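Secondary and tertiary structure notes
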Amino acid sequence: MLRNQLRDHLDQLLEVARFHDYCPNGLQVEGRADVERIVCGVSASQALLDAALAQGADAILVHHGWFWKSEDGRVVGHRKRRLATVLGRDVSLFAYHLPLDAHPQLGNNAQLAKLLGWKIDGRFAEQEIGFLGSCDSATAADLASALARALDREPFLAGDGARPLARIAWCSGGAQDYYEQAIAAGADCYVSGEISEHNVHVARETGVPYIAAGHHATERYGVQALAAHLREKFGVDCRYVDIDNPV
Ligand SMILES: [Zn+2]
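Overview of the structure. Just so it is clear, the model here is predicted, and its values are computed rather than measured. (Residues numbered from 1 in each chain as written. Predicted model: local features only at pLDDT ≥ 70, side-chain atom pairs only at ≥ 80, totals over all residues. Heavy atoms only, no water.)

Let's talk about the coordination of the zinc ion
Here is the rule: Coordinating donors are taken to be N, O and S atoms lying within 2.8 Å of the metal, or within 3.2 Å when the metal is Na, K or Ca; because water is excluded from the atom set, some sites may appear incomplete. Helix and strand definitions follow DSSP, with helices as H or I runs of at least four residues and strands as E runs of at least two, each counted in order from the N terminus. Exposed residues in this analysis have more than 50% of their type's maximum accessible area, buried residues have under 20%, and partly exposed residues fall in between, with area computed by a 1.4 Å probe over protein chains only.
Within the protein, the atoms that donate to the zinc ion are H64 (NE2), H215 (NE2) and E219 (OE), at distances of 2.0 to 2.2 Å. Along the chain, the residues that donate to the zinc ion are spaced as H-x150-H-x3-E. Here the residue H64 occupies a position in strand β3 (residues 59-64), and E219 occupies one in the loop between α9 (215-218) and α10 (221-234), the gap between them amounting to 155 residues. Residue H64 shares its accessibility class with E219, and that shared class is buried.

Put into structure tokens, the structure is as follows:
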């Protein structure tokens, strides 16, 4: 398929124009015009780029791309190496950040719910990134155990593990800042990828436990759902490569 056809399809599907984000979404680095093989991953690290090139990728598709607003924009050191890797081989880099957290079917939060069997019944936080719903686990500690089994890593539980759960809120990745909005939305427990020091105090003081299940671990599934969608819709060779990250 054509690179620009892929770009236009993804931009529209993921409603890129609707989001205010910390990075550009869509085609971040332009490579060759024809795309037959796409390698997907969570983050556009050098390890993913190297794996993609070894597998003959024409394009790389990730959740965490480059050119973050807070970043030093100079193309030196590891940034030079990364850019040279894709530009030197004429390979495109596509990145979808918040649009891929929020998508109602293919997004990280929807896919996390699917994996855990959670029922979605609402959204919260700015741009409706966070999800609300219910789960089969009776308590926060039970929910942490279910996450450990599903994600194959031990989550960190802050606060009251015995709290009974009627309503839960979740937002994948580094969504510490949405915790208090989750409490305000009536959640009995909040699940995200990462946790900060101050969140632990809030968990103790409000009685709403916080489960940090891993940034990478909670964001592996959106890009895999997107890859499956592209295979089905366009018959393109689209494969996921996991570059593990303990955070
Ligand atoms: Zn993330």
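Focus on the packing of helix α1 (residues 3-13) against α10
The line we're drawing: What counts as an axis is a line fitted to C-alpha atoms, over the stretch in contact for a helix, and the angles between N-to-C directions run from 0 to 180 degrees. Throughout, the term roughly parallel applies to angles under 35 degrees, roughly antiparallel to angles over 145, roughly perpendicular to angles from 65 to 115, and oblique to all others. It is the rotation of the near helix from the far one that decides the hand of a crossing: anticlockwise by less than a right angle makes it left-handed, clockwise makes it right-handed. In what follows, a contact means two residues having at least one pair of non-hydrogen atoms within 4.5 Å. Residue polarity follows a fixed list, in which Ala, Val, Leu, Ile, Met, Phe, Trp, Tyr, Cys and Pro are nonpolar, Asp, Glu, Lys and Arg are charged, and the others, Gly among them, are polar.
At a minimum axis separation of 13 Å, α1 and α10 run at an interaxial angle of 125 degrees. Relative to α10, the element α1 lies oblique. Pair α1 / α10 crosses with right-handed handedness. Mapping the contact onto sequence places Q5, L6, H9, L10 and L13 in α1 and L226, H229, L230, K233 and F234 in α10. Its residues placed into classes, the contact of α1 with α10 shows 6 nonpolar, 3 polar and 1 charged.

Quick look at the sheet that holds strand β5 (residues 119-124)
Where we set the bar: Two strands form a pair only when DSSP identifies at least two bridges running between them.
Taken in spatial order, the 6 strands line up as β5-β6-β8-β9-β10-β7 in an open sheet, and their pairing is mixed. Of all the strands in the sheet, just β5 and β7 (156-158) have a single pairing partner and so form its edges. Going across the sheet, the axis of each strand differs from the next one's by a mean of 25 degrees, ignoring polarity. Here strand β6 (residues 130-134) runs beside strand β8 (residues 168-171); their pairing, made up of 3 bridges, is antiparallel.

A few points about the sheet that holds strand β11 (residues 237-240)
Across the sheet, 5 strands lie side by side as β1-β4-β3-β2-β11; this open sheet has mixed pairing. Looking at which strands have only one partner, the edges of the open sheet turn out to be β1 (26-29) and β11. Averaged over all adjacent pairs, the angle separating strand axes in this sheet is 30 degrees, with direction ignored. Of the strand pairs in this sheet, β1 and strand β4 (residues 92-95) are connected by 3 bridges, and their pairing is antiparallel. Paired with V29 across the bridge in β4 is L93. Taken strand by strand, α10 contacts β2 (37-43), β3 and β11, and its axis lies near 165 degrees from that of β11.

Comments concerning the packing of helix α2 (residues 46-54) against helix α3 (residues 78-89)
Axis separation between α2 and α3 bottoms out at 10 Å; the angle between their running directions is 20 degrees. It follows that α2 is roughly parallel to α3 by the angle criterion. Note that α2 runs across α3; the crossing there is left-handed. Contacts from Q46, L49, D50 and L53 of α2 reach α3 at R81, R82, T85, V86 and R89. Of the residues belonging to the contact of α2 with α3, the class tally is 3 nonpolar, 2 polar and 4 charged.

Focus on the pattern of salt bridges
The following threshold applies: Think of a salt bridge as a Lys or Arg side-chain nitrogen and an Asp or Glu carboxyl oxygen that are within 4 Å of each other.
Counted under the stated rule, the structure contains 10 salt bridges. Residue R37 is joined to D237 by a salt bridge in which the shortest nitrogen-to-oxygen separation is 2.8 Å. With R37 in strand β2 and D237 in strand β11, this pair connects stretches of sequence that are 200 residues apart. Under the relative-accessibility criterion, D237 is labelled partly exposed at 26%.

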